[in-house]
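Structural overview
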Amino acid sequence: TRKESSAASDVYKRQELESRLRLALAQGHLQMYYQPQIDIATGRIQGAEALVRWNDPQEGLISPARFIPVAETSGVIGPLGEWVVREVCRQGQEWREAGLPPLTLALNVSPRQFHLTDLAGCTAAALHASGFPAALLELEITESALAERTEEARQVLVRLRELGVRIAVDDFGTGYSSLAQLKRFPIDVLKIDQGFIRDIPQSEDDMAISAAIIAMGHSMGLSVLAEGVETEGQLAFLRERGCDAYQGYLCSRPVPADDFVALLRAQAESAAAAQG
Ligand code: C2E
Ligand code: MG
Ligand code: MG
């Protein structure tokens, strides 16, 4: 039937994407982009979130929203995740050696990578191989990944904390984690999901939720970062509520490493100009 054949062709497409992804990884067609994270109080770039891109010679840039789910269900997430950790540590150390100011680099860990691979061992090896300081590395784990198998999750976080890396909860507010659990986890940062930021200042509900996350995070001693900030109005609201940091198109889209360095240099020049 038509339904069966379209299901079969979906399986085929997935397998095709999976084998192309393995090849892309082996051939160096994956690349990290960097989106600045800004300290709201000072307006300065404090770090970046590293976001993976697949640069296919034929198709051009392929979004992680399309290939991370395939990596997750096929096992490619193991080697892919390892490559991301190594590449971000390597890049971070290269920037340090080039004399750039200290930057926190955040990277994404997907749920299966978090639960099924040796994340702490892989991170320790990448830090060691690169010389990048653990204190400047942040791992973003989605709230939904922390909501399942919570005792195992806590143990992974404890091992990461022992390495000295920072831990951020990504897409916070969407994952049904229990607050009682959350307070037992060694975490440093809550990232307010962009779904709550999008309709500020039109949506009273989203403003109430964002303000509550900021207040709750602070009372738990955590730093709070808002993602997906696109307008001055959103930033003004977050500043007024004491949110610590933001990222979003208002400052910059995710950009290749060289363009990120150019953003940092432009910032340093405008700061120098302001001092006279
Ligand atoms: P995420 O970690 O929540 O990343 C935020 C996404 O929002 C990014 O999409 C980013 O480009 C986008 N974004 C940033 N600022 C704005 C804004 O102002 N407006 C809007 N509309 N969007 C904004 P991207 O790069 O396509 O990544 C999508 C998701 O793919 C990420 O969500 C993350 O879950 C996953 N991902 C990306 N890189 C990696 C990686 O290296 N490893 C793993 N496991 N997952 C990754
Ligand atoms: Mg993220
Ligand atoms: Mg997010």
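Read on for a plain summary of the structure. By convention here, each chain's residues receive numbers from 1 onward along its written sequence. Chain letters start at A and ligand numbers start at 1, both assigned in the order the entries are written. With pLDDT at 70 or above as the cut-off, local features in this predicted model cover only qualifying residues; side-chain atom pairs require 80 or more to be listed or tallied, and sums for whole chains, interfaces and linings still use all residues. Hydrogens are left out, water is left out, and the side-chain values use all remaining heavy atoms of the structure.

1. Section: the coordination of the magnesium ion (ligand 3)
Threshold: Because no water is among the atoms considered, metal sites can look incomplete, with donors defined as N, O and S atoms within 2.8 Å of the metal, or 3.2 Å for Na, K and Ca.
Protein-derived ligands of the magnesium ion (ligand 3) are Asp170 (OD), Asp171 (OD), Glu227 (OE) and Glu227 (OE), with the metal-ligand distances lying across 2.1 to 2.7 Å. Between consecutive donor residues of the magnesium ion (ligand 3), the sequence gaps follow D-D-x55-E.

2. Notes on the side chain of arginine 53
Applicable threshold: What counts as a helix is a DSSP run of H or I of at least four residues, what counts as a strand is a run of E of at least two, and both are numbered from the N terminus. Here the term buried applies to any residue with accessible area under 20% of the maximum for its type, exposed to any over 50%, and partly exposed to those in between, with areas from a 1.4 Å probe on protein chains only. By the counting rule applied here, Lys and Arg register as positive and Asp and Glu as negative, while His and the ends of each chain are not counted. Salt bridges, as used here, are contacts in which a Lys or Arg side-chain nitrogen is within 4 Å of a carboxyl oxygen on Asp or Glu. Any two residues having at least one pair of non-hydrogen atoms within 4.5 Å are treated as being in contact.
Note on placement: arginine 53 falls in strand E2 (residues 45-56). One buried charged residue, arginine 53, forms no salt bridge at all, with the nearest opposite charge on glutamate 49 at 8.6 Å. In contact with arginine 53, not counting residues within four places along its chain, are His29, Leu30, Gln31, Tyr33, Leu61, Ile62, Pro64, Phe67 and Pro254.

3. Focus: the site of ligand 1
Our working rule: Put simply, a residue is near a molecule or strand once any heavy atom of it comes within 4 Å of that molecule or strand. Side-chain atoms alone can form a polar contact between residues adjacent in sequence; in general such a contact is a pair of N or O atoms within 3.5 Å, and within protein one must be able to donate a hydrogen while the other accepts it. Of the grid points, spaced at 1 Å and generated over the protein atoms alone, those admitting a 1.4 Å probe that cannot get out make up cavities, while open sets with protein on both sides within 12 Å along at least five of seven lines make up pockets; any residue with an atom within 4 Å of a point is treated as lining. Placement in a cavity or pocket follows one criterion, namely that more than half of the molecule's atoms lie within 2 Å of its grid points.
Arg53, Asn108, Asp170, Glu230 and Tyr249 are the nearest of the 23 residues found near ligand 1. In this structure, a nitrogen atom belonging to ligand 1 sits 2.9 Å away from a side-chain N or O atom of glutamine 35. Within the contact set of ligand 1, an oxygen atom lies 2.8 Å away from a side-chain nitrogen or oxygen of arginine 53. More than half of the atoms of ligand 1 fall within 2 Å of the grid points belonging to the largest pocket.

4. With respect to the nonpolar core
Filter applied, for reference: Grouping buried Ala, Val, Leu, Ile, Met, Phe, Trp, Tyr and Cys residues that are joined through side-chain atoms within 4.5 Å yields what is termed a nonpolar core.
Ranked by size, the top nonpolar core spans 79 residues in total, and within it Tyr34 and Ile141 carry the most contacts. Setting aside chain neighbours within four positions, we find isoleucine 141 in contact with Val109, Phe114, Leu119, Leu146, Leu157, Ile167, Ala168, Val169 and Asp170.

5. As for the coordination of the magnesium ion (ligand 2)
At the metal site, the magnesium ion (ligand 2) is ligated by Glu49 (OE), Asn108 (OD1), Glu140 (OE) and Asp170 (OD), and these contacts range over 2.0 to 2.3 Å. Between the two metals, the magnesium ion (ligand 2) and the magnesium ion (ligand 3), the spacing is 4.2 Å, and aspartate 170 donates to both. Separated by 91 residues along the polypeptide, glutamate 49 in strand E2 and glutamate 140 in strand E5 (residues 137-142) bring together distant segments of the chain. Residue glutamate 49 is classed as buried on the basis of its relative accessible area, which comes to 3%.

6. Points about the pairing of strand E6 (residues 166-172)
The condition that has to hold: One bridge is not enough; two strands pair if DSSP finds at least two bridges between them.
By the criterion of burial, E6 is predominantly enclosed, with five of the seven residues buried. Two elements, E5 and E6, share five bridges in a ladder whose sense is parallel. Among the inter-strand pairings, glutamate 138 is bridged to a residue of E6, identified as arginine 166. The sheet contact formed by E6 and strand E7 (residues 189-192) spans three bridges and is parallel. In the sheet register, valine 169 faces E7, and the bridge partner there is leucine 190.

7. Topic: the pattern of salt bridges
Per the counting criterion, the structure on display carries 16 salt bridges. Residue glutamate 94 is joined to arginine 90 by a salt bridge in which the shortest nitrogen-to-oxygen separation is 2.7 Å. You can see glutamate 94 and its partner arginine 90 sitting in helix H3 (residues 77-97), four residues apart, about one turn around the helix. Between glutamate 138 and arginine 166 there is a salt bridge, with its nearest N and O atoms 3.0 Å apart. Placement of glutamate 138 in strand E5 and of arginine 166 in strand E6 is noted, with a sequence separation of 28 residues between them. The class for glutamate 138 is buried, based on a relative accessible area of 4%. The network of salt bridges with common partners includes Arg20, Asp56, Glu59 and Arg66.

8. Remarks on the packing of aromatic side chains
Each aromatic ring pair is summarised here by two numbers: the centre-to-centre distance and the angle between the ring planes. The condition that has to hold: A pair of aromatic rings is counted whenever rings of Phe, Tyr or Trp (Trp by its six-membered ring) have centres within 6.5 Å, and the orientation is called stacked for planes under 30 degrees apart, edge-to-face for over 60 and tilted otherwise. The criterion is that NZ of a Lys, or CZ of an Arg, lies within 6 Å of the ring centre and within 35 degrees of the ring normal, and then a charge sits over that ring.
As enumerated under the stated definition, the model contains four aromatic pairs in all. Each ring, one from tryptophan 95 and one from phenylalanine 260, has its centre 5.3 Å from the other, and the planes form 40°; the classification is tilted. A residue pair is termed long-range when its members are at least 10 positions apart, and tryptophan 95 in helix H3 and phenylalanine 260 in helix H12 (residues 257-274) qualify at 165 residues. When the ring centre of tyrosine 33 is taken as origin, the NZ or CZ atom of arginine 53, which lies over that ring, is 5.4 Å away. In this structure, arginine 253 packs its charged tip against the face of tyrosine 249, placed 4.0 Å from the ring centre.

9. Quick notes on the layout of surface pockets
As a reminder, the rule being used: Grid points are joined across faces, edges and corners, and a volume is the space filled by probe spheres set on the points. Residues are sorted three ways: Asp, Glu, Lys and Arg are charged, Ala, Val, Leu, Ile, Met, Phe, Trp, Tyr, Cys and Pro are nonpolar, and all the rest, Gly among them, are polar.
Taken as a whole, the largest pocket holds about 850 Å³ of empty space. Along its surface, the largest pocket is lined by 35 residues, and Glu49, Leu51, Pro64, Asn108 and Asp170 are the ones closest to its centre. Residue assignment for the lining of the largest pocket shows that the elements contributing at least two residues are strand E1 (30-39), E2, helix H2 (64-74), H3, strand E4 (104-109), helix H4 (111-116), E5 and E6. Of the residues that constitute the lining of the largest pocket, the class distribution is 15 nonpolar, 11 polar and nine charged.

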